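# Tertiary structure, described
Letter by letter, the chains look like this.
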Amino acid sequence: MIRDITIGQHFPGNSVVHRLDPRMKILLTIGYIILLFVAANPGGLVLSAVLLAILYRVSRIPLKLILRSLKPILPIILFTIVLNLFFISGEGEPLVQWGFIRIYAEGIRYALIMGARIICLIAGTSLLTYTTSPISLTDGIERLLAPFARLHLPVHELAMMMTIALRFIPTLIEETDKIMNAQKARGAQLDSGTLRQRMKAMVPILIPLFISAFRRADELAMAMECRCYRGGEGRTRLKQLRFTRTDWAAAVVCIAAFAAVASTNLLFQGL
Amino acid sequence: MAAIIRAEHLSHIYGQGMPDASVAIQDINLSIEEGDFVGLIGSTGSGKSTLINHFNGILKPTSGKLYVAGEDMWADPRQIRKFRFLVGLVFQYPEYQLFEETVEKDIAYGPSNMGLSEEEIRRRVHSAAEMCGIDEAMLQKSPFELSGGQKRRVAIAGVIAMQPRILVLDEPAAGLDPEGRDNILSQIKAYHKQTGTTVVLVSHSMEDIAKYADKVIVMDQSRLAMYDTTEKIFARAPELLAMGLSVPQITRIFLRLRELGVDIPTDVYTMPYAVKTILKAVENKKGGAPV
Amino acid sequence: MSETMLKAQDVRFRYADDLPWAVDGVTMQVNRGEFVAVLGANGCGKSTLAKHFNAILLPYSGTVTVENLSTADEEHLYDIRQKVGMVFQNPDNQIVATIVEEDVAFALENLGVPPAEIRTRIDEAMEMAGIYKHRNKAPHKLSGGQKQRVAIAGVIAMRPDCLVLDEATAMLDPRGREKVMKTIRRLNREFGITVVTITHYMEEAAQADRVLVMNSGHVVMEGTPKEVFRQVDRLHELRLDVPQATELAQQLRAAGLDMPDDCITEEECAQALAKLLA
């Protein structure tokens, strides 16, 4: 159900990955995403997946969590696979021909690559949020973007908004669940009927949800003012960010691994 | 009398098969008679909410059976809505489910999901509104203009308008001031008397349970711990206290009197009975007869 | 002589020009170290008044002072907010961070306290609120009572002189409520923090040093819990309850028994009855 969504959630722990500087983790995640596009061959993707599995192992995050968080995006993954399967035409004879549907070997290859890529992409970015508390995540983003503040980009405000959004994800998910149950108890049919009917059935859920989100925002703003919040100026941090030797070591290991995986592109080019 | 709700070996495990699975209720056997006013108490996490979510099919038992009006609720899962109309469920803070432009339309949401005629819907909306102390002028207002207590009454009217045979309310008075809480609870009691609808009232307030319920179900650590008349339940006050529940302050006074060596019954839980008991004790003392 | 912590002088406030006065000429004061409960039916203006104590709202007319600083004086806004900490009803809507200790640190970060000092002050605050062992948990995994104590810790980390609780126990179950009240009493007795609590629970008000009762924007009763709860009929008129112990004693007096008219706790009531029946 809706409670299964775990994307963007933090699972506190004390592994090496948890302890890395968020800035380093963000940069390495970006590196990993680039890698997924550079290593556009089956071997490269398999190695990327293996690399990620190792990182999950090191951070002691159960792989089951990933499966659970992939569930809601399954339709997107399937859609991408099907799209590639049917619409990529390759050279030579199609493998299957049935009416207007033609499936080429090339199509299967692309479908699998795209599917694997999306899964790795989500699993990779999830690792970042699982192992980094949202506060240090936004802290990291804020520091990385700091140079842009001089260009009048509201860096601190953006970071604060992100923190709050992340903080309220579980609360709002729980709330959605409650409202859905309440309307179901009044006879709402949420999971049957035509698309139009279903859209209409969402209104009694979305309106209370929005109203409640606004009420919460209002109260939170007041609570923040009561605790002397006045924007980013003059703020200090409980946790100072400092690159340690571990960070540099992690960077070296990861970049080496990325480079190794990327180089498979040359190796598998013929395949 | 016939049981309107009957549970047989009802259990529910959240996240069954997952590493973080937790047993919410286990092996519940109970039957609620039609026309009763039943209180449901238990500390947070005792399984109360899980139990009532089963009563109208929001949750499906992981094992065991639940019969509503004699029918197996999950014999055909496609028919579950039928049971949702039989068992009206008012959740905690129900005012957060309001969404329509007017109070009238919001109350009509449940009945119109039942596929009733326009005329029948209107009749039910008006009778439910009246029952909950919502006047004609308020019906045309937006629910968001109302005070907290009024919104709460509108939400309850929205469930009553479906004319369920059982009305289940989860903490209907939570967060209200003393007057708001008395208003809502006495309206529910009046509705119960007038229509004979079975009522299940979940509450943390022992004072409220003592005042309104005829029978009480006590949940403790996901099991049914007691189910008896209100009088007999509060006579077991020390056991309730051991479960981390409280008892009405008035009952605590009598328990304390016992401790102080006064020979007095301790099954006292309402004000009039307390006054009567004390007066009788004083009378007996004057007469020199043993209490 | 006791020192004045909070003082309201002829305070009037309304939310809009076409609305009635929410607070209509309130004069009151709270002394340092006192524990004051404010009672009143919904809409009597008690929450509105509470929001004046740390300059969330400014009076339309009249003045509110915190240790002689006027809340209207913008220069001292953050001094006032640091001196008077506020805790609200819904614990979910006042927690900013996703880890307990980071949330407790929020106010100190805003005040620009150096990191090393933040560490010692939040540890101390979490100990005082009894949530130190939950410091690395995510707030949404805690119970209502625990979340509310996180909110309290987040406020007392500022080392305020006064704590204002706006129906802070209204959404909690009895056990959570009891824990929160115990924490607050401890802050008041052991650490000398002045407490103003706005509540619907008469048993909570019975523990205060002084009770104020509000009705349609005015303070209509004031005194020790005994002085206030003794006036059962007056309280019922104001749409309020009295503790059952008081009610019982009152009804027995009406029936002609010799019961004291100032029983407010069950112990007092039981003792009086025991004397009567011995």
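All values derive from a computational prediction rather than experimental measurement. (Residues numbered from 1 in each chain as written. Chains lettered and ligands numbered in written order. Predicted model: local features only at pLDDT ≥ 70, side-chain atom pairs only at ≥ 80, totals over all residues. Heavy atoms only, no water.)

Our next topic: the pattern of salt bridges. Applying the stated criterion across every chain, the model contains 49 salt bridges over all chains. Arg237(A) serves as the salt-bridge partner of Glu142(A), at 3.1 Å between the closest nitrogen and oxygen. With Glu142(A) in helix H7 (residues 134-149) and Arg237(A) in the loop between helix H9 (195-226) and helix H10 (245-267), this pair connects stretches of sequence that are 95 residues apart. A relative accessible area of 16% means that Glu142(A) is categorised as buried. Exposure remark for Arg237(A): the relative accessible area of 11% places this residue in the buried category. Measuring nitrogen to oxygen at the nearest pair gives 3.2 Å for the salt bridge that ties Glu117(C) to Arg121(C). Taken together, the residues span about one helical turn, with Glu117(C) and Arg121(C) both in helix H4 (residues 115-128) at a distance of four residues. Assessed through its relative accessible area of 11%, Arg121(C) is described here as buried. Taken together, the salt bridges that share partners define one network made up of Lys239(A), Glu101(C), Glu102(C), Arg119(C) and Asp123(C). (Salt bridge = Lys/Arg side-chain N within 4 Å of Asp/Glu carboxyl O. Helix = DSSP H or I, 4+ residues; strand = E, 2+ residues; numbered from the N terminus. Buried < 20%, exposed > 50% of the residue type's maximum accessible area, 1.4 Å probe, protein only.)

Predicted confidence across chain B gives a mean pLDDT of 91, with 98% of residues reaching 70 or more. Taking the mean pLDDT of every element in chain B, the minimum, 88, falls on helix H12 (residues 271-287) of chain B and the maximum, 97, on strand S8 (residues 198-202) of chain B. (pLDDT = per-residue confidence, 0-100.)

This part is about the packing of helix H2 (residues 22-38) of chain A against H10(A). All names here are of chain A. Between H2 and H10, the least distance of the axes is 10 Å, while the angle of their chain directions is 5 degrees. It follows from the interaxial angle that H2 and H10 lie roughly parallel. Only Asp247, Trp248, Ala250, Ala251, Cys254, Ile255, Phe258, Val261, Ala262 and Asn265 of H10 make contact with H2, whose side of the interface consists of Met24, Leu28, Gly31, Tyr32, Leu35 and Val38. (Axes fitted to C-alpha atoms, helices over the stretch in contact; angles between N-to-C directions. Parallel < 35°, antiparallel > 145°, perpendicular 65-115°, else oblique. Contact = heavy atoms within 4.5 Å.)

On to the interface of chain C and chain B, then. The interface of chain C with chain B comprises 32 residues on the first partner and 31 residues on the second. Together, the buried faces of chain C and chain B total about 2900 Å²; carbon and sulfur atoms form 61% of this surface. The three residues of chain C that bury the most area against chain B are Gln244(C), Glu266(C) and Leu277(C), which together make up 23% of that side's buried surface. In this structure, the connection of chain C to chain B is made through four salt bridges. Measuring nitrogen to oxygen at the nearest pair gives 2.8 Å for the salt bridge that ties Glu266(C) to Arg252(B). Listing elements by their share of the side of chain C that touches chain B, those giving two or more residues are helix H6 (174-191), helix H7 (202-205), helix H10 (244-254) and helix H11 (266-277) of chain C. If one sorts the elements of the side of chain C that touches chain B by residue count, H11(C) sits on top with nine residues. Looking at the side of chain C that touches chain B, its residues break down into 19 nonpolar, five polar and eight charged. (Buried area = accessible area lost by both parts, 1.4 Å probe. Nonpolar A, V, L, I, M, F, W, Y, C, P; charged D, E, K, R; others polar.)

To continue, consider the pairing of strand S9 (residues 215-220) of chain B. All names here are of chain B. In terms of burial, S9 is largely enclosed, as five of its six residues are buried. Pairing of strand S3 (residues 37-41) with S9, which is carried by four bridges, proceeds in the parallel orientation. Pairing of Ile41 across the sheet is with Val218, part of S9. Strand direction decides the pairing type here: S9 and strand S10 (residues 223-229), joined by six bridges, are antiparallel. The residue bridging Lys215 from the neighbouring strand is Thr229, located in S10. Hairpin geometry of S9 and S10 is characterised by an intervening segment of two residues between the two adjacent antiparallel strands and by a positive phi of about 45 degrees at Gln221. (Pairing = 2+ DSSP bridges.)

So, on to the sheet that holds strand S1 (residues 3-14) of chain B. Residues and elements named next belong to chain B. Read across the open sheet, the four strands follow the order S2-S1-S4-S5; overall the sheet is antiparallel. Both edges of this open sheet fall to strand S2 (22-33) and strand S5 (71-72), since each of them pairs with a single strand only. Strand direction decides the pairing type here: S1 and strand S4 (residues 63-68), joined by five bridges, are antiparallel. Bridge pairing in S4 places Glu8 opposite Lys65.

As a further point, take helix H5 (residues 74-87) of chain A. Residues and elements named next belong to chain A. Across its 14 residues, H5 extends 20 Å between first and last C-alpha, which sits within 8% of the 20 Å expected from 1.5 Å per residue. All of the buried residues along H5 are Ile77, Thr80 and Asn84. The buried residues of H5 occupy an angular sector of 65 degrees when projected down its axis, which confines them to one face. Of the exposed residues in H5, the ones pointing more than 90 degrees away from its buried face are Pro75, Phe79 and Phe87. (Expected span 1.5 Å × (residues − 1). Arc of directions from axis to C-beta.)

Residues and elements named next belong to chain C. Taken together, the side chains of Lys133, Lys137, Arg175, Lys179 and Lys182 present a region of like positive charge at the surface. With respect to the helices and strands, Lys182 occurs in helix H6. Of the residues examined, Lys182 reaches a relative accessible area of 54% and is grouped as exposed. (Patch = residues over 30% accessible without salt bridge, like charges linked within 9 Å, V, L, I, M, F, W, Y side chains within 5 Å. Areas by Shrake-Rupley, 256 points an atom, 1.4 Å probe, with all protein chains shown as cover. Lys, Arg positive; Asp, Glu negative; His and termini not counted. Charge placed at Lys NZ, Arg CZ, Asp CG, Glu CD.)

What follows is about the interface of chain C and chain A. Listed as interface residues are 39 residues of chain C and, on the opposing side, 33 residues of chain A. At the boundary of chain C with chain A, total buried surface from both sides reaches about 3300 Å², with 57% on carbon and sulfur atoms. Summed over the three residues of chain C that lose the most area to chain A, namely Asn93(C), Glu109(C) and Asn110(C), the buried surface amounts to 20% of that side. Summed over the shared surface of chain C and chain A, the result is six salt bridges. The shortest N-O distance in the salt bridge between Arg235(A) and Glu109(C) comes to 3.0 Å.

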